[in-house]
Structure formats: structure tokens, C-alpha cells
Amino acid sequence: MPHVQMKIQHPVSILLVNHQSSDFPNLEAILADTGAGLYRATSLQEAVGQVVDHDFAVIVLRLDAASRLGLDTAKRLREQARSRSVPIIFIAPSGADDFPLEEAFALGAVDYLGEPVNPAVLRAKVSLFADLFGKTARIAELEEAESERAG
């Protein structure tokens, strides 16, 4: 299957949250050609710190099969004003047959992917939200400029 490169028109940022930092190079390689800025968080505290400091188009959050860290992180991110409505794509570890679908979607999941992650699928999903974020930001800029001209 040929690789389709998807470039985002407006600069956006994506937050990658993974309590096991060994997976970051793989996720970053998959998302590198989107043109988005990629930010890392390896703990709940880092993730909250990132959303306090930056606006994100989408959050890719890897769940930990052995604990509730991923779900607890999503819950804390929802408590922050800047990330309250940011879409979250969960990555469920392989063998996570008991993935808590209802809880994940209640915490803002827009989708979840099982491991191993299909690069084309992850890239397409992230690019969709990043593009929407960029378009929304551009519309806000145009509305602000129009308001300044009218005022």
C-alpha cells in the first residue's frame, strides 16, 4: 500500500502520552510527516504541565495494561481548561481484551487503536484532528480580523 503524505496546513501540536518512554520513537516516526509539533509526556504530571503550557489538536495516550495510569491521566487532562475538549486517541496494549471502552469514551476518547498500531491508520486519524484544529484556528483569526476592521 503506498504511503500517502498528509501535511497539515496550520501549525498545530500533538501530545503523545506514554508512561513507557520506549515507545516514543515509534510514534514520532509514524507522525513525523504530518508537519505537526510533537510533544512528549511520560507521567501524569508532565501531561498536565504540557496542556497548561500548550494548545493541542489531539492527544495520543497509550494505556498501561498493568495499571490505570492512562485512564487517570485522561481524567486529569479533562479537568484542565485547555484540554477539556481536546480529542484523545487511546492506544491499547496488545492483549488488552478488557479495554474499558465505556470509561475511555466518557473521558473524551474519540477512538482507540490496539497494538501493534497500524501507522497509516494512526497518521490518518491524527491528521484529521490536526487539520480540523488548524481550520478552526484560522476561522478564529479571520473572525478576529473582521471584528477589528468593523470596530
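Residues numbered from 1 in each chain as written. Predicted model: local features only at pLDDT ≥ 70, side-chain atom pairs only at ≥ 80, totals over all residues. Heavy atoms only, no water.

## Thoughts on the pairing of strand E4 (residues 88-92)
Right, on to step 1. Counting buried residues in E4 gives five out of five residues, a clear majority hidden from the surface.
Right, on to step 2. Residues Ile 88, Phe 90 and Ala 92 point to one face of E4 and Ile 89 and Ile 91 to the other, with burial holding for every one of them.
Right, on to step 3. In the sheet, strand E3 (residues 58-62) pairs with E4 via four bridges, with the strands oriented parallel. Residue pairing for E4: Leu 61 is matched across the bridge by Phe 90.
Right, on to step 4. Note: E4 against strand E5 (residues 109-114), five bridges, orientation parallel. Counterpart to Ile 91 in the pairing with E5 is Leu 113. (Buried < 20%, exposed > 50% of the residue type's maximum accessible area, 1.4 Å probe, protein only. Helix = DSSP H or I, 4+ residues; strand = E, 2+ residues; numbered from the N terminus. Pairing = 2+ DSSP bridges.)

## A word on the packing of helix H2 (residues 44-53) against helix H3 (residues 69-78)
Right, on to step 1. Following both chains from N to C, one finds H2 and H3 inclined at 25°, their axes separated by 10 Å at the closest point. The orientation of H2 with respect to H3, classified from their angle, is roughly parallel. Between H2 and H3 the crossing geometry is right-handed. When H2 is examined against H3, the residues Leu 44, Ala 47, Val 48 and Val 51 are found in contact with a partner set consisting of Asp 72, Thr 73, Arg 76 and Leu 77.
Right, on to step 2. Within the contact of H2 with H3, the residues separate by chemical class into five nonpolar, one polar and two charged. (Axes fitted to C-alpha atoms, helices over the stretch in contact; angles between N-to-C directions. Parallel < 35°, antiparallel > 145°, perpendicular 65-115°, else oblique. Left-handed = near helix turned anticlockwise from the far one by under 90°. Contact = heavy atoms within 4.5 Å. Nonpolar A, V, L, I, M, F, W, Y, C, P; charged D, E, K, R; others polar.)

## Some thoughts on the pattern of salt bridges
Right, on to step 1. Across all of its chains, the model carries ten salt bridges by this definition.
Right, on to step 2. Measuring nitrogen to oxygen at the nearest pair gives 3.3 Å for the salt bridge that ties Arg 138 to Glu 141. Here Arg 138 and its partner Glu 141 are both found in helix H5 (residues 119-150), three residues apart, which amounts to about one turn of the helix.
Right, on to step 3. Since its relative accessible area comes to 42%, Arg 138 is described here as partly exposed. (Salt bridge = Lys/Arg side-chain N within 4 Å of Asp/Glu carboxyl O.)

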